[in-house]
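Coordinate inspection notes
One letter stands for each residue in the lines below.
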Amino acid sequence: MQYQIIPVTPFQQNCTLFWCDETKQAAVVDPGGNPELIINAIEQKGLTLTKVLLTHAHIDHAGATKAISSHYGVSIEGPHKEDQFWIDLIPEQKARFGFEDAEHFVTDRWLNQGDNVTFGNITLEVYFCPGHTPGHVVFFHRESKLAQVGDVLFKGSIGRTDFPRGDYNTLINSIKNNLFLLGDDVRFIPGHGPMSTFGEEKRSNPFVGVNAR
């Protein structure tokens, strides 16, 4: 599996394009905005987009979902059903943040712990990791030990929990008892900022590391 990180929106959110080398089928995770950048990346690589995947429904992660899914005529998978209220708030979020491309959408498949999503010959495992939002999920490619964790975990930090229905203790539990169990050598793409590994965060992250306060 190959990937390309495409920073989008004024929040520089890490929209991620995943694709299968063998079939050139692809999935895009968290198309928050700037659909022209996402479409250009897909076209430049000669890929066939087969679905849109969402870790959660904050506007900087989901704002261009409707634009991309409609452009390619593909399904939307994720997040967990507990994020429906955030999808319903997209018009309000759009007015607040000025995201021109953002539109309300209807997901085709809610995702739960233990589900899989597929494109080409690639299978991503789904992990339910609430706390930043109540319906946040994470995608994990076991063969390449690579995860897309949205806004659950960052290099040196964790996701905010001061948004509606966020919860700090729930987030810490999601990280320690779901993500970290996947292995220290797993690399992860966060929703914002640089990549890291679960092992590095276990060692040094001030919120969930060995010396966490």
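Described below are features of the structure shown in this document.

About the cut-offs
Residues numbered from 1 in each chain as written. Predicted model: local features only at pLDDT ≥ 70, side-chain atom pairs only at ≥ 80, totals over all residues. Heavy atoms only, no water. Helix = DSSP H or I, 4+ residues; strand = E, 2+ residues; numbered from the N terminus. Buried < 20%, exposed > 50% of the residue type's maximum accessible area, 1.4 Å probe, protein only. Contact = heavy atoms within 4.5 Å. Polar contact = N/O pair within 3.5 Å; in protein donor to acceptor, adjacent residues only side chain to side chain. Patch = residues over 30% accessible without salt bridge, like charges linked within 9 Å, V, L, I, M, F, W, Y side chains within 5 Å. Areas by Shrake-Rupley, 256 points an atom, 1.4 Å probe, with all protein chains shown as cover. Salt bridge = Lys/Arg side-chain N within 4 Å of Asp/Glu carboxyl O. Lys, Arg positive; Asp, Glu negative; His and termini not counted. Charge placed at Lys NZ, Arg CZ, Asp CG, Glu CD. Pairing = 2+ DSSP bridges. Axes fitted to C-alpha atoms, helices over the stretch in contact; angles between N-to-C directions.

**Concerning the environment of Asp151**
- Positionally, Asp151 belongs in the loop between β9 (146–150) and β10 (153–154).
- When its relative accessible area of 5% is taken as the criterion, Asp151 is described as buried.
- Along the chain, Asp151 and Pro190 lie 39 residues apart, while their C-alpha atoms are 6.2 Å from each other.
- Among all residues touching Asp151, those that are not within four sequence positions of it are His56, His61, His132, His136, Gly159, Gly191 and His192.
- Side chain to side chain, Asp151 and His61 meet in a polar contact 3.0 Å long.

**Side note on a negative patch on the surface**
- On the surface, a cluster of negative charge is made up of Glu36, Glu100, Asp101 and Glu103.
- Topologically, Glu103 is positioned in the loop between α5 (90–97) and β6 (116–119).

**Some details on the pairing of β9**
- In terms of residue burial, β9 counts as a mostly covered element, since five of its five residues are buried.
- Inspection of the sheet shows strand β8 (residues 137–141) paired to β9 by three bridges, in the antiparallel sense. Bridge pairing links His141 to Leu146 in β9.
- Taken together, β8 and the strand that follows it, β9, pair antiparallel across an intervening segment of four residues, in which Lys145 is found at a positive phi of about 50 degrees.
- With four bridges joining them, β9 and strand β12 (residues 187–190) adopt parallel strand pairing.

**Quick word on the environment of Pro206**
- As for its placement among the helices and strands, Pro206 is situated in the segment after α7 (198–204).
- C-alpha of Pro206 to C-alpha of Gln12: the two residues are 194 residues apart in sequence and 23 Å apart in space.

**Here's the deal with unusual backbone geometry**
- A cis amide bond links Gly78 to the next residue, Pro79, at an omega of -10 degrees.
- Tracing the sequence through the fold places Pro79 in the loop between β5 (75–77) and α4 (84–88).
- Look at Lys24: it is not a glycine, yet its phi comes out positive at around 65 degrees.
- Among the residues examined, Lys24 registers a relative accessible area of 37% and is labelled partly exposed.

**Focus: the side chain of Asn205**
- In this fold, Asn205 is placed in the segment after α7.
- Here the side chain of Asn205 touches Glu201 through a polar contact of 2.9 Å, side chain to side chain.
- Here Asn205 is in contact with Leu153, Phe154, Gly156, Ser157, Ile158, Glu200 and Ala212, once residues within four sequence places are set aside.

**Section: the sheet that holds β12**
- Reading across from one edge, β6-β7-β8-β9-β12-β13 is the order of the six strands in this open sheet, with mixed pairing throughout. Edge positions in the sheet fall to β6 and β13 (196–197), since each has one partner strand and no second.

**Quick look at the sheet that holds β5**
- Across the sheet, five strands lie side by side as β1-β2-β3-β4-β5; this open sheet has mixed pairing. Where the open sheet ends on each side, the last strands, each with one partner, are β1 (2–8) and β5. Here the strands of the sheet are splayed against their neighbours by 25 degrees on average, with no regard to which way each runs.
- Pairing of β1 with strand β2 (residues 13–19), which is carried by seven bridges, proceeds in the antiparallel orientation. From the neighbouring strand, Ile6 faces β2, where its bridge partner is Cys15.
- Relative to β1, helix α1 (residues 35–44) is tilted by about 160 degrees, and along the sheet it contacts β1, β2, β3 (25–29) and β4 (48–53).
- Contacting β3, β4 and β5, helix α3 (residues 65–72) crosses the sheet at an angle of about 150 degrees to β4.

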